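These are the residues of each chain, in order.
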Amino acid sequence: AIKGMSLRTAQQYLEDVCEKKRCVPFRKYTGCIGRTPQAKEFKLSQGRWPVKSAKILLGLLKNAESNAEFKNLDTETLTITHIQV
């Protein structure tokens, strides 16, 4: 859900997931997953709020931001192209 986002928007999105303001859309494994109106943002009907996974990804993004600052890169223009946990 965060692929292609900038670093700041991805962090804000994951913080909203932790507060259950926005959901993570489930596109592939949709069996036994409830429907929520928050998934209309992605033109889907099924989504959840994986708080534990979102917190892990927030830590990963914070680490990536620290690495970029150490290498003297501009952290405002960072975009997420590939992420793997």
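Above: the structure in question.
These numbers were taken from a predicted model, which means no experiment stands behind them. (Residues numbered from 1 in each chain as written. Predicted model: local features only at pLDDT ≥ 70, side-chain atom pairs only at ≥ 80, totals over all residues. Heavy atoms only, no water.)

Participant: Pulling in residues and values, what's your account of the pattern of salt bridges?
Facilitator: What the rule picks out here adds up to four salt bridges. Of the charged contacts, one joins arginine 8 and glutamate 65 as a salt bridge, the two residues approaching to 2.9 Å between their closest N and O atoms. One end of the pair, arginine 8, is in helix H1 (residues 7-18); the other, glutamate 65, is in helix H2 (residues 51-70), with 57 residues separating them in the sequence. Here glutamate 65 falls in the buried class, since its relative accessible area comes to 12%. Here arginine 8 falls in the partly exposed class, since its relative accessible area comes to 34%. In this structure, a network of salt bridges that share partners links the residues Arg8, Glu65 and Glu76. (Salt bridge = Lys/Arg side-chain N within 4 Å of Asp/Glu carboxyl O. Helix = DSSP H or I, 4+ residues; strand = E, 2+ residues; numbered from the N terminus. Buried < 20%, exposed > 50% of the residue type's maximum accessible area, 1.4 Å probe, protein only.)

Participant: Now, about H2: what can you tell me, with residues and values included?
Facilitator: Here H2 contains 20 residues, and its C-alpha end-to-end distance of 29 Å stays within 8% of the 28 Å for a straight helix at 1.5 Å per residue. Where H2 is concerned, the buried positions are Ala54, Leu57, Leu58, Leu61, Glu65 and Ala68. In an axial view of H2, the angular spread of the buried residues amounts to 110°, which keeps them on one side of the axis. Turned more than 90 degrees away from the buried face of H2 sit Lys52, Lys55, Ile56, Lys62 and Phe70, all of them exposed. Tucked into the core, H2 has its buried residues touching H1. Where H2 ends, the next residue or the one after it, asparagine 72, has phi of about 60°, a positive value. (Expected span 1.5 Å × (residues − 1). Arc of directions from axis to C-beta. Contact = heavy atoms within 4.5 Å.)

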